[in-house]
Amino acid sequence: MQQIPVDTAGAMLMVATPPQPKYSNPKTQERAADRGTGELLSTLDVLFVKDGNAEVVRVAVAESAISGELAMGAPVALTGLIARPWENEFNGQKRHGISFRAVAATAVDAGGSKNLKAA
């Protein structure tokens, strides 16, 4: 599967919604897990502001890789952020999009740098 690294240099990243459990099947409440490690995943919505453009993206991250107080509006650093294009077919309907995944999500001191970088 193609993975595209996302450059966060020069971007301002803020928590739009705090981390929530990610479900592979919301109806049965089955939790989503990393395919390689089996670790449970969470998602958080991040406001990504760069070059005068702002967008909210939903990012998946392993629960143990979330550190600090990630409250709404808090600055956040995303380590190893990647984008993955996806496509599937369900009930005859083709769907496609881009999913985002980070190795870690870390709260940043509000007095810290505005230039948050992915490692």
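Our subject is the structure listed above.
The notes below deal with the structure included here. (Residues numbered from 1 in each chain as written. Predicted model: local features only at pLDDT ≥ 70, side-chain atom pairs only at ≥ 80, totals over all residues. Heavy atoms only, no water.)

Attention shifts here to the environment of Val 15. Residue placement: Val 15 occurs in strand E2 (residues 12-21). Considered as a pair, Val 15 and Gly 73 are 58 residues apart in the sequence and their alpha carbons are 5.1 Å apart. Apart from residues no more than four positions distant in its own chain, Val 15 is found in contact with Leu 44, Asp 45, Leu 70, Ala 71, Met 72, Gly 73, Ala 74 and Val 76. (Helix = DSSP H or I, 4+ residues; strand = E, 2+ residues; numbered from the N terminus. Contact = heavy atoms within 4.5 Å.)

The six strands lie next to each other as E1-E9-E10-E6-E5-E2, forming an open sheet whose pairing is mixed. Across the chains shown, the open sheet's two edge strands, defined by having one partner strand only, are strand E1 (4-5) and E2. (Pairing = 2+ DSSP bridges.)

Counting residues in each nonpolar core, the largest one holds 23 residues, and the members touching the most others are Leu 13, Leu 44, Val 46, Val 59, Val 76, Leu 78 and Ala 105. Setting aside anything within four residues of it in sequence, one finds Ala 105 in contact with Leu 44, Val 61, Ala 65, Ile 66, Ser 67, Leu 70, Val 76, Ala 77 and Leu 78. (Core = buried A, V, L, I, M, F, W, Y, C linked by side-chain atoms within 4.5 Å. Buried < 20%, exposed > 50% of the residue type's maximum accessible area, 1.4 Å probe, protein only.)

The next point concerns the side chain of Arg 101. By the secondary structure assignment, Arg 101 is in strand E10 (residues 93-101). If sequence neighbours within four positions are ignored, Arg 101 has contacts with Asp 34, Leu 41, Val 59, Ala 60, Val 61, Gly 80, Leu 81 and Ile 82.

With that settled, consider the pairing of strand E9 (residues 82-90). By the bridge criterion, two bridges tie E1 to E9 in an arrangement that is antiparallel. Residue pairing across strands places Ile 4 opposite Ala 83, the latter belonging to E9. Across nine bridges, E9 lies against E10 in antiparallel orientation. Across the sheet, Trp 86 pairs through a bridge with Gly 97, a residue of E10.

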